[in-house]
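Listed here are the chains, written in short residue letters.
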Amino acid sequence: MSYLDQFLFGIYPYIALSIFFLGSLARFEREQYSWKTDSSQLLYAGQLRVGNILFHIGILGLFFGHFVGLLTPVVLWDALGVSHGFKQMVAIVMGGLFGICALVGILILLLRRLGNPRIRATTKMSDKLVSLWILVTLLLGLSTLFVSYEHRDGHMMVILMTWAQRVLTFQGGAAVLMAEVPLLFKAHLFMGMSLFVIFPFTRLVHVWSGFGALSYLSRAWQLVRSR
């Protein structure tokens, strides 16, 4: 294992998560008026709906798929009778479907943002950065599917699951597991972790508001009285 592997997969995840949580908290505390999506719908509504829906369906599917797939203990899958090979194929199929969905959506949104003069004039550098970063991360993730198909026994998947679970439970030796992981997976993981680093400084912070909106489900009805 190289020193770079030790840093990227043993130390960097904690740096990224610290910036993600503390940066989001600091922005909410100091710059609440910048906590928004900066929607460009008023400037030009064309292609927004289809691109937005495709992207969000794809990215939410990928997020929860990665969350469940990486953080569910291996012993639980074994107890449920789900073989590693079967889980690997489900991950390939569903990851491919949601990945293509998100890819088409982000391409539509990028072409719309960069192709329309009015939207392009109001686009910040952070908007371009986060869009291109997500695009590259998606392309790398879709590329890993071909490598995953060559490891249909699920061995590589178990390594990545064990790594993620060791990182989040503060167990030692997480970076050692990444020594035999192909470079394509490492690049995808680095880009994915770095999204958490740039998250607090971009419009991505509106994701927190999406989760916060779930609290409205438990609120009392709004009372409206007529005169």
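Residues numbered from 1 in each chain as written. Predicted model: local features only at pLDDT ≥ 70, side-chain atom pairs only at ≥ 80, totals over all residues. Heavy atoms only, no water.

Chemist: I keep staring at helix α8 (residues 183–198) and nothing clicks. Help me out?
Modeler: Since the α-helix turns once every 3.6 residues, residues separated by three or four places project in the same direction. With 16 residues, α8 should reach 22 Å at 1.5 Å per residue; the first-to-last C-alpha distance of 23 Å fits that figure. Of all the residues in α8, the buried ones are F185, K186, H188, L189, M191, M193, S194, L195, V197 and I198. Buried residues along α8 sit against α1 (3–30), α2 (48–71), α6 (125–149) and α7 (155–168). (Helix = DSSP H or I, 4+ residues; strand = E, 2+ residues; numbered from the N terminus. Expected span 1.5 Å × (residues − 1). Buried < 20%, exposed > 50% of the residue type's maximum accessible area, 1.4 Å probe, protein only. Contact = heavy atoms within 4.5 Å.)

Chemist: What is the right way to look at unusual backbone geometry in this model?
Modeler: Most peptide bonds take the trans configuration, and most residues that are not glycine carry a negative phi. Phi is positive for F170, close to 60°, though the residue is something other than glycine. Tracing the sequence through the fold places F170 in the loop between α7 and α8.

Chemist: Where do I start with the packing of α7 against α8 in this structure?
Modeler: Describing two packed helices takes the angle between their axes plus the distance from one axis to the other. Two elements in contact, α7 and α8, have axes separated by 13 Å at closest approach and are oriented at 30°. By the angle class used here, α7 and α8 are roughly parallel. The two elements α7 and α8 meet at a crossing, and its hand is right-handed. Each of M156, L160 and W163 in α7 lies in contact with α8, whose residues at this interface are F185, L189 and M193. (Axes fitted to C-alpha atoms, helices over the stretch in contact; angles between N-to-C directions. Parallel < 35°, antiparallel > 145°, perpendicular 65-115°, else oblique. Left-handed = near helix turned anticlockwise from the far one by under 90°.)

Chemist: What should I look at first to understand the side chain of T202 in this one?
Modeler: When you line up the elements, T202 lands in the loop between α8 and α9 (206–212). Within polar-contact distance, the side chain of T202 engages the backbone oxygen of I198 at 3.5 Å. Once residues lying within four places of it in the same chain are set aside, the contact partners of T202 are R27, S126 and V130. (Polar contact = N/O pair within 3.5 Å; in protein donor to acceptor, adjacent residues only side chain to side chain.)

Chemist: How should I be thinking about the nonpolar core in this particular structure?
Modeler: For soluble globular proteins, nonpolar side chains are generally found buried alongside one another. With 21 residues, the main nonpolar core has I106, I134, L138 and L204 as its most contacted residues. Contributing elements (two or more residues each) for this core: α2, α4 (84–115), α6 and α8. For this core, the element with the highest residue contribution is α6, accounting for six residues. Beyond its immediate stretch of four places on either side in the chain, L204 contacts V130, I134, L195 and F199. Counting 19 residues, the second largest nonpolar core, distinct from the first, contains A164, V181, F185 and M193. (Core = buried A, V, L, I, M, F, W, Y, C linked by side-chain atoms within 4.5 Å.)

Chemist: Please clarify how the environment of E31 should be interpreted in this entry.
Modeler: Following the sequence through the fold, E31 ends up in the loop between α1 and α2. Sequence spacing of E31 and F21 is ten residues, and the spatial spacing of their C-alpha atoms is 15 Å.

Chemist: What should I look at first to understand the environment of F67 in this one?
Modeler: In this structure, F67 sits in helix α2. Spatially, the C-alpha atom of F67 lies 9.8 Å from that of A164, the residues being 97 residues apart in sequence.

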